[in-house]
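# Understanding the architecture of this molecule
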Amino acid sequence: MEKINDNIDRFLPFGESLRAVLQYESIKDRERRTLLRMKGVFVNNTDEDSTFPILLTSLLSPIEFEYLKESLQAKEDREKTINRTLDWESTKTLISAIPDNFNIQEVIKTNFPKYKVIGTPNFKMVDKNPDKITLDFKCETNNYSKPWFRGQNEFKGQVTFEKVVTKDNKVQLQIVHTSPETTEIAEKVSKSLERHFKANNYMNPNKEVQRILFKDFTNKERINFFLNMTDGNEVFDFTKATFLDIGPDLNENLPQEINWLELAKVRELNINGEVLHNLPFLRDKGLHKYMVLSEMEIIYDFSLPTVEGNCIIKFGFPNYFKKKIGNIELVVDIVRVNIKDEYGYVPFGAVKKQLFKEFEKLKTEKFEWSKMQNLHKQHTPEL
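Just so we're clear, the structure is a prediction, and the values are computed from it rather than from any experiment. (Residues numbered from 1 in each chain as written. Predicted model: local features only at pLDDT ≥ 70, side-chain atom pairs only at ≥ 80, totals over all residues. Heavy atoms only, no water.)

So, on to the side chain of Ser58. Mapped onto the elements of the fold, Ser58 is located in the loop between α3 (48-56) and α4 (62-72). Looking at Ser58, its side chain comes within polar contact range of the main-chain oxygen of Leu55, at 3.2 Å. (Helix = DSSP H or I, 4+ residues; strand = E, 2+ residues; numbered from the N terminus. Polar contact = N/O pair within 3.5 Å; in protein donor to acceptor, adjacent residues only side chain to side chain.)

Spelled out as structure tokens, the structure:
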């Protein structure tokens, strides 16, 4: 979330300095109209041509400026999640496995810092459960390309470990990030703890943390995994696919049906629509070998014990076509949540948190099913 600089309170802007504020993206016709009404000025048109001359040639009162500052506050960046699995080989609780001298400032320490973590946050138990712990943190960054009143950004991040009761003793690691900086901080924290866990034999030193990476799939397997996500489950009822990030595999000789992609030198297609799961690229299994699908956006109806509604969820391997690297990790982004009117009393944050949790179950189930199918194919002799 972008922060307003402290120096915004040093003077009341006017003229060109006020223009920079009024032209900011969160100040729209409604805000300018309200500001004029606070001055006792009423206009027929609220566009810039009508309102700017009046506002730029008048002085703001402290109360009017406070209203503008409130309007400048940007909405927080959407939370995106990355989930991993650790093999846990200890009876030790997770909270007691965290080193006593853990200090996030030491973990992220660098000679040329691009950001700073606010305070010294540490891990704490969730719901008094010693086997579910979380670290919430905020970081600040400077952005010198922004206007004079918005030179700082503040972003939230979270790292959570939860022991899952299974025969194999698994620990789920979840990273919640809202910016590249929070992703980097969470990565440093998780890697630092992974080294600590292995050094103390809480984890098998020879086993890696399990991730879902782009390179874990062939083209066919990846498309099949994405399409399996349209099946839904008892919580998520698939409605439609509305976005695809897809492109031809340049290492393959494209068949005649899609060789126009090669002739047109197409590298990537960002497709928006209503029923994209019915596109020939996806419907025709014979084409799966030649197409790289990196992201998909789906609209689901959802039904939880205390609330119902619909949501838009985007998931996949972001920026693959720009980076072209195989270790891009699967990221989940809940773009929008719409709660039915009769459940308006249910806290929005709690609903989104539960949807992340339920979608993780669906994703894990489909990924495990995909792995089983691939294993079956490998051990089934061709006739």
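Using the criterion set out here, one finds 20 aromatic pairs in the structure. Between Phe217 and Phe367 the ring centres are 5.7 Å apart and the planes differ by 65 degrees, which places this aromatic pair in the edge-to-face class. Note that Phe217 is positioned in the loop between α7 (180-199) and α8 (219-228) and Phe367 in helix α12 (residues 348-378), a separation of 150 residues in sequence. Phe217 gets classed as buried once you look at its relative accessible area, which sits at 7%. (Phe/Tyr/Trp six-rings, centres within 6.5 Å; stacked < 30°, edge-to-face > 60°. Buried < 20%, exposed > 50% of the residue type's maximum accessible area, 1.4 Å probe, protein only.)

We now examine the environment of Asn259. Of note, Asn259 is situated in the loop between β8 (236-248) and α9 (260-263). Judged by relative accessible area, which is 29%, Asn259 ranks as partly exposed. Sequence separation between Asn259 and Pro248 is eleven residues, and the spatial gap between their C-alpha atoms is 9.4 Å.

Our focus in this paragraph is the pattern of salt bridges. For the structure on display, the rule yields 22 salt bridges. Here Lys340 makes a salt bridge to Glu308, at a shortest N to O gap of 3.2 Å. A residue pair is termed long-range when its members are at least 10 positions apart, and Lys340 in the loop between β12 (331-339) and α12 and Glu308 in strand β11 (residues 307-316) qualify at 32 residues. In this structure Lys340 comes out as partly exposed when scored by relative accessible area, which is 38%. Bridged by salt links that share partners, the residues Arg84, Glu187, Arg211 and Glu329 form one connected network. (Salt bridge = Lys/Arg side-chain N within 4 Å of Asp/Glu carboxyl O.)

Examined against the element boundaries, Phe359 turns out to sit in helix α12. Overall, Phe359 belongs to the buried group, its relative accessible area being 1%. Put simply, Phe359 and Phe236 are 123 residues apart on the chain and 8.0 Å apart in space, counted from C-alpha to C-alpha. Once residues lying within four places of it in the same chain are set aside, the contact partners of Phe359 are Met229, Phe236, Tyr300, Ile313, Phe315 and Val332. (Contact = heavy atoms within 4.5 Å.)

Further remarks concern the nonpolar core. Nonpolar side chains tend to gather and get buried jointly when the protein is soluble and globular. Counting residues in hydrophobic clusters, the biggest one holds 53 residues, and the most contacted among them are Phe236, Tyr300, Phe302, Ile313, Phe315, Leu355 and Phe359. For this core, the leading source of residues is strand β10 (residues 291-304), giving eight residues. For Tyr300, the contacting residues outside a window of four places in its chain are Met229, Phe236, Asp237, Phe238, Thr239, Gly309, Asn310, Cys311, Ile313, Phe359 and Leu362. Core analysis: the second largest hydrophobic core is formed by 31 residues, Ile98, Val171, Phe197 and Val331 among them. (Core = buried A, V, L, I, M, F, W, Y, C linked by side-chain atoms within 4.5 Å.)

Functional significance is not addressed by these values, which are geometric in nature.
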